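# Observations on chain architecture
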Amino acid sequence: MNDYVSFQQCIGCYIVIVSSATGNSADTAMVNGDGAHEHTEEAESKQDRNGEADGGEESNEQEVIVIQDTGFTVKIQAPGTELFDLQVSPQEMVQEIHQVLMDREDTCHRTCFSLQLDGNVLDNFAELKSIEGVQEGSLLKVVEEPYTVREARIHVRHIRDLLKSLDPSDAYNGVDCNSLSFLSIFTDGDLGDSGERKKKGSELEQIDCTPPEHILPGSKERPLVPLQPQNKDWKPMQCLKVLTMSGWNPPPGNRKMHGDLMYLYIVTVEERHVSVTASTRGFYLNQSVHLHAPDTVSTQSLWQQLLRRVFAVLHMQRHPFERIATPFQVYSWTAPQVDHAMDCVRAEDAYTSRLGYEEHIPGQTRDWNEELQTTRELSRKNLPERLLRERAIFKVHSDFAAAATRGAMAVIDGNVMAINPGEETRMQMFIWNNIFFSLGFDVRDHYRELGGDAAAHTAPTNDLNGVRAYGAVDVEGLYTLGTVVVDYRGYRVTAQSIIPGILEREQEQSVIYGSIDFGKTVVSHSKYLELLDKTSRPLKVQRHSVLNDKNDIVELCSSVECKGIIGNDGRHYILDLLRTFPPDLNFLPVDGEELPPESQRQGFPRQHRHRLACLRQELIEAFVEHRYLLFMKMAALQLMQQKANKDSNKTDTPSITETSETSTESETEEISLKSLEESIPGLAQAKELAETLVAEDGSDPKSREVVLNACKAVGSISNTSFDIRFNPDIFSPGVRFPDDSTDDVQKQKQLLKDAAAFLVSCQIPSLVKDCLDHSALPMDGVTLTEALHQRGINIRYLGTVLEFVDKTPAKAQLQHFYRIGISDLITRCAKHIFKTYLQGVELSALSAAVSHFLNCFLSSFPDAVAHLPPDELVSRRKSRKRRNRVPGSGDNTAWASLTPSELWKNIASEAQSYYHFTVQCESVDQVVEKYGLQKITLLREISIKTGIQILIKEYNFDSRHKPAFTEEDILNIFPVVKHVNPKASDAFHFFQSGQAKVQQGFLKEGCELINEALNLFNNVYGAMHVEICACLRLLARLNYIMGDHPEALSNQQKAVLMSERVLGIEHPNTIQEYMHLALYCFANGQLSTALKLLYRARYLMLLVCGEDHPEMALLDSNIGLVLHGVMEYDLSLRFLENALTINTKYHGPRSLKVALSHHLVARAYESKAEFRSALQHEKEGYTIYKNQMGEAHEKTKESSEYLKYLTQQAVALQRTMNEIYKNGSNASIMPLKFTAPSMASVLEQLNIINGIIFIPLR
């Protein structure tokens, strides 16, 4: 439990503070992702956000200071246990010490107690630093307090949680932030205490080396069952069969007077039935099951024995990271058939109104809006304050996302009463647990001109992106709503926190900024303009004027749809942020407007389903970055020209020629940082010159002219400095601009056209280039989406991207990318169809409908027939008219008439109409054949995208005699949730500084910084988060490079567990974490564990993307090398030769990776004494090295030496063979030297292929 306890500590021993040279602390989260270019814009935006004047270029120099934190130790004395020490931090709350004690083995049976210092009870919500007398060595006593009904319930819940923590059913059911992890099955528990296991590993057990048949190269079998392996030795620990509330509750008056709080009914494993009374003094065993009179013996000791036993088993069987809750729920798309056990806490949660009930919150429901906004208002002047603020923001967001998801499911399942029950179901709105829910339909023709229901479906995600962007800028005094978008059972539900007072007044009265009718009536407000102006630079939004219905000029600093409402709490809220970012003209045909030729060549503009297609924030950032380089280049060229003209009066002629040559040369170059640096030798000086120009007040007329020309050329809104912003209202229907802004509007239109062309002509080719040189390696739909989004490419461009790949000359080297793209496009089309398909299905037919859809989508069986629920049930349901029925088109059975050929026709037409891509296939088998897809991969993709959970078993997709799925195979349907992810900005800064130090070769300093980042991440996010996972991975790699293999193993084990828990057991990142862990296991001498981990990674990769993927070459090289190390040469060769084939295909036959692959294969053949084959492969490798690196290079020489050695060995063998042929059994044979590969040489090769280079420490 120490891992968990340590995570509860606040900041740890050190805090790193980043401060700028002006003393301005780095409290601003990086706006728009990775931060913008380092120039005056950044300095100015800092000034905007911090409200302090920064000193120009000084503000960019950040130094890192390490200061000692004042962490201290206190002594804890609990009844019946010895004194023990506990490390605490001044920022910690007393509540956190409570939690630590409930998670310790010797105090886990206590929940109702107070902590006392010198007889004074400590306030649970007080910080330790605010309590007088708490210092190093203070003695805190644990004192039992009388139970109340609430405390008794919390105690029962605590017991249930401990008993259930070994049971995976909560993870399968996707509740309470539980999720799956299977690492311990492959490592036989914790890798840390592995003294015996090390010996066991180095004995080279033969049994562990041969993988199952389906993992071997070339196998076409893709089983599903191994995805969730069961540990044969693991037996679920059962102490109690039943723990439930007794039917005798609540206590009658006379028993209440004796202190009875409630009654529990328990059945033990030995079938002993007992009744327990919870009273104010504790838990007592009743004399009989039916009588209330308590016995004189307290059962506290029973609890104590029970819980300590549970805790001991927990500690043996599970790593703390397998038990800690994740911040957001992760759902599993597969699950075994689990027996449904009795569970009183689960039943109580389901049937009582446990809206937002949490143990530490008094009262029932939470005021989400107040919590979300109050946390934003917390002070952020110094690091401890910022940490406290970010932790509070993160915790509230994670709780809000969980409550909103639960509410959205309740709404769609028909369990919440609408606030307008008389209206048509599609138009109904709901309030539950202080959260407002609305459905993604076009209510009252609000979006009629923008695309109706299609626009209404897109608007919530656009709005969420806006909330995310404004939240990241984090302007004091400007508030957004808590927003979560939930897709469940074919419906889109938007959950929002409620502005105080908004429900009591009409919308027209409330809105004091923006427009409620898309620009007809528009109002503005000075306070809103002032607040939004602060966001204008980081979000690249231009302040502009529009005309309202009375032709008055109204000034705005956002799109017209953005509404400003002052709540009853006096806060300034903005909502409806769906047009925060400018429109995408490639998907918005406008009469009389022509796009640049780059867009037109690709067939743009194209008609889209709605008119809300926006550019992504990442695209805006990249475009502005691109224009900034162009601006710098133009200024530099003009300055050089001026310099050349000045110099022409002097005798220094060579510099003129040099400069003029450079100018002409660079003018023809494509604008990009690298080409600029190559084409202009003096770019750095020119850049400095240009920056000083921009910083100057423009007193020099020549300088002013240079800047003016450059600004005009790049479309800057200012004539004296580089500043690009977009007007989000351009091309919005119904929005009119004043006559005097015609020029400005024209400029903005051109800027939008340029941005649209930039996406097509720069971003898509750069994505494809990154895939070609393997700096981007998507493996599945999720990682493909990330790759597109990082470059600002929307998913609607997927068809365009695939067409671009198809026309690329190096198409063969992009086959993996093309296949993943096709698979993603097809499953997305299927998801669109599935959404409307599900809306017509009533709850009782849900599993039948889902299994029928999957059969039509994936099964080779041509006559898939749906199983309808019994007729009388349907007809009875139809006749009963329920006002509050599930939203949608009512009960019908139209879904049952879907056929496979009809579905695939629909998929093809959806691909054409939405993605403008032609899928020429009429059945799943044709698609699989034509594009080389796998049905199991398609099943995984569609399940993840739609929230389906299926039974884990082997499915026969290819049978033409019976369908692959039955109703019983569909276990559940989960929500797909989109929400804001608040960031730990300070921790992220340190993480980046650490990475930078490592890249410069300062490993120790880098390691210290990454450790500090880890402390701060833990402080904000708790123990589980995807960013902590990245931190642990890097730490493990640094530990490994610096020679601390055990520490590397420990950190990487945590990284794998965390990746499984927060991303999913077969997420591509998890696969990579398994590979890293295998390397560290091998370095620690745990060979059989390393092999098991590599086989697991290979199985997962086969399932996720198949064998034909560049990453598979690396994995197979790892497996081949480890097998070579344990002298399994034949098996090793199979993997190494497969790696060679894949490397040759994706890196080209002349690549250095291929040369290394040839060398590894040659070594394996040498070990088998097949010298001819070894020579052949080493010659290939040698030729590549010679051609690529030259004969003098170390690698070429090494290869040459090895060739000589192989030739000698081959000659010696041939001589021996000749001797045998000549003299038969009388031959005198010279013994051949066969040496088993040393572990050191195998590890050296493993390091090389995994890109680990040992560099001298600086």
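Position numbers for residues start from 1 in each chain and track the written sequence from start to end. Only residues with pLDDT of 70 or above have their local features reported here, since the model is predicted, and side-chain atom pairs are shown and tallied only from 80 upward, although totals for entire chains, interfaces and linings are computed over all residues. With hydrogens and water stripped out, all remaining heavy atoms of the structure feed into the side-chain values.

- An unreviewed UniProt entry annotates the protein chain as Clustered mitochondria protein homolog of Amphiprion ocellaris.
- Taken verbatim from the UniProt record of the protein chain, the Sequence similarities (unreviewed entry) comment is "Belongs to the CLU family."
- UniProt positions are given in the numbering used here, feature names are shortened, and annotations may be inferred rather than shown by experiment. Note on the protein chain: under the UniProt heading Function (unreviewed entry), the record states "mRNA-binding protein involved in proper cytoplasmic distribution of mitochondria. Specifically binds mRNAs of nuclear-encoded mitochondrial proteins in the cytoplasm and regulates transport or translation of these transcripts close to mitochondria, playing a role in mitochondrial biogenesis."

### Some thoughts on the side chain of S181
- Labels follow the DSSP assignment, with helices taken as runs of H or I lasting at least four residues and strands as runs of E lasting at least two, numbered in each case from the N terminus. Along the chain, S181 turns up in the loop between α5 (169-173) and α6 (183-187).
- Residue burial is assigned from relative accessible area. The probe radius is 1.4 Å, only protein chains are included, and a residue is buried under 20% of its type maximum, exposed over 50%, and partly exposed in between. Since its relative accessible area comes to 15%, S181 is described here as buried.
- As used in this structure description, the phrase polar contact means that two N or O atoms lie within 3.5 Å; if the pair is within protein, one of them must be able to donate a hydrogen and the other to accept it, and residues adjacent in sequence are counted only when both atoms belong to side chains. Of note is the side chain of S181, whose polar atom sits 2.7 Å from the side chain of E1060.
- Two residues qualify as a contact provided that any one of their heavy atoms is within 4.5 Å of a heavy atom in the partner residue. The residues contacting S181, other than those within four sequence positions of it, are E322, L1057, E1060, R1061 and I1065.

### Considering the sheet that holds strand β6 (residues 120-121)
- On the basis of which strands lie adjacent, the open sheet formed by five strands has the order β4-β3-β7-β5-β6 and mixed pairing. The sheet terminates laterally at β4 (84-88) and β6, the two strands that pair on one side only.
- In the sheet, strand β3 (residues 72-77) pairs with β4 via five bridges, with the strands oriented antiparallel. Following the sheet pairing, F72 is matched in β4 by V88.
- With axes taken as lines fitted to C-alpha atoms, and helix axes fitted only over the stretch in contact, angles between N-to-C directions fall between 0 and 180 degrees. Of the strands in this sheet, β3, β4, β5 (113-117) and β7 (139-144) are in contact with helix α3 (residues 94-102), which crosses β5 at around 120°. Pairing between two strands is assigned when DSSP locates at least 2 bridges connecting them.

### Structural notes on the packing of helix α17 (residues 617-647) against helix α22 (residues 742-772)
- In contact at an axis separation of 10 Å, α17 and α22 are set at 95° when each is read in the N-to-C sense. Put simply, α17 runs roughly perpendicular to α22. Contacts between α17 and α22 pair L619, A622, F623, H626 and R627 from the former with L751, D754, A755, F758, L759, C762 and Q763 from the latter.
- Among the residues making up the contact of α17 with α22, the classes are represented as eight nonpolar, two polar and two charged. For classification purposes, angles smaller than 35 degrees are called roughly parallel, those larger than 145 roughly antiparallel, those between 65 and 115 roughly perpendicular, and all remaining angles oblique. For this classification, the nonpolar set comprises Ala, Val, Leu, Ile, Met, Phe, Trp, Tyr, Cys and Pro, the charged set comprises Asp, Glu, Lys and Arg, and every other residue, Gly included, is treated as polar.

### Some words on helix α12 (residues 383-412)
- Expected helix span is given by 1.5 Å per residue-to-residue step, counting one fewer step than there are residues. Spanning 30 residues, α12 covers 43 Å between terminal C-alpha atoms, matching the ideal 44 Å at 1.5 Å per step.
- Counting buried positions along α12 yields 22 of 30 residues, so the element is predominantly enclosed.
- The N-cap of α12, judged by a side-chain oxygen 3.0 Å from the amide nitrogen of E385 a few residues on, is N382.
- A positive phi of about 85° marks G414, the residue just after α12.

### Examining unusual backbone geometry
- Residue P250 follows N249 across a cis peptide bond; omega there is -15°.
- On the secondary structure map, P250 appears in the loop between β8 (240-245) and α8 (253-256).
- Cis geometry marks the peptide bond from F604 to P605, where omega comes out at 0°.
- The phi angle at D576 is positive, at roughly 55°, despite the residue not being glycine.

### Considering the pattern of salt bridges
- Within this document, salt bridges are pairs made up of a side-chain nitrogen of Lys or Arg and a carboxyl oxygen of Asp or Glu, the two lying within 4 Å of each other. A full pass over the atoms with the stated rule returns 59 salt bridges.
- Across the pair K540 and E621 runs a salt bridge, and its minimum N-O distance is 3.6 Å. Of the two residues, K540 is situated in the loop between α15 (526-539) and β20 (544-547) and E621 in helix α17; the sequence distance between them amounts to 81 residues. The two residues K540 and E621 agree in class, both being buried.
- As a salt-bridge pair, D780 and R940 come within 3.1 Å of each other at their nearest N and O atoms. You can see D780 sitting in the loop between α22 and α23 (781-790) and its partner R940 sitting in helix α30 (residues 935-946), a full 160 residues away along the chain.
- With a relative accessible area of 1%, D780 lands in the buried category.
- With relative accessibility at 2%, the residue R940 sits in the buried group.

### With respect to the environment of R960
- Summarising the element assignment, R960 is placed in the loop between β24 (948-951) and β25 (970-973).
- Here the alpha-carbon distance between R960 and P862, two residues 98 residues apart in the chain, equals 6.8 Å.
- Aside from chain neighbours lying at most four places away, what touches R960 is S860, F861, P862 and D925.

### Comments concerning the sheet that holds strand β14 (residues 429-432)
- Reading across the sheet, the five strands line up as β14-β15-β18-β17-β26 and stay open at both edges, with antiparallel pairing between neighbours. A single partner strand is all that each edge strand has here, and the edge strands are β14 and β26 (976-979). Across this sheet, the average inter-strand angle for adjacent strands is 20°, counted without regard to direction.
- Across four bridges, strand β17 (residues 483-488) lies against β26 in antiparallel orientation. Note on β26: the bridge partner recorded for V484 is H979.
- Contacts from helix α13 (residues 452-473) reach β17, β18 (491-497) and β26 within the one sheet, and its direction differs from that of β17 by about 145°.

### Overview of the pairing of strand β9 (residues 260-268)
- When you tally the buried positions in β9, you get eight out of nine residues, the bulk of the element.
- Bridge count between β8 and β9: five bridges; the pairing is antiparallel. Pairing of T244 across the sheet is with Y265, part of β9.
- Bridge count between β9 and strand β10 (residues 273-279): seven bridges; the pairing is antiparallel. Considered in β10, the bridge of L264 is made with V276.
- Following β9, the chain reverses through four residues before pairing antiparallel with β10; E271 in that reversal takes a positive phi of roughly 65°.

### Digging into the packing of aromatic side chains
- Ring pairs shown here join Phe, Tyr and Trp side chains whose ring centres sit within 6.5 Å, with only the six-membered ring taken for Trp; geometry is labelled stacked below 30 degrees between planes, edge-to-face above 60, and tilted in between. As enumerated under the stated definition, the model contains 32 aromatic pairs in all.
- Ring centres 6.5 Å apart and planes at 25° place the aromatic pair Y628 and F631 in the stacked group. Of this pair, Y628 and F631 are both found in helix α17, three residues apart, which corresponds to roughly one turn of the helix. Like F631, Y628 is buried.

### Overview of the confidence of the model for the protein chain
- What pLDDT conveys is the predictor's confidence in a given residue, as a value from 0 to 100. On average, residues of the protein chain score 82 in pLDDT, and 80% of them are at 70 or above.
- Across residues 292-297 the pLDDT falls below 50, and counting only partners more than four positions away or on other chains, this stretch makes 19 contacts in the model.
- Residue range residues 651-682 is modelled with pLDDT below 50. Its contacts to residues more than four positions away, or to other chains, number 36 contacts.

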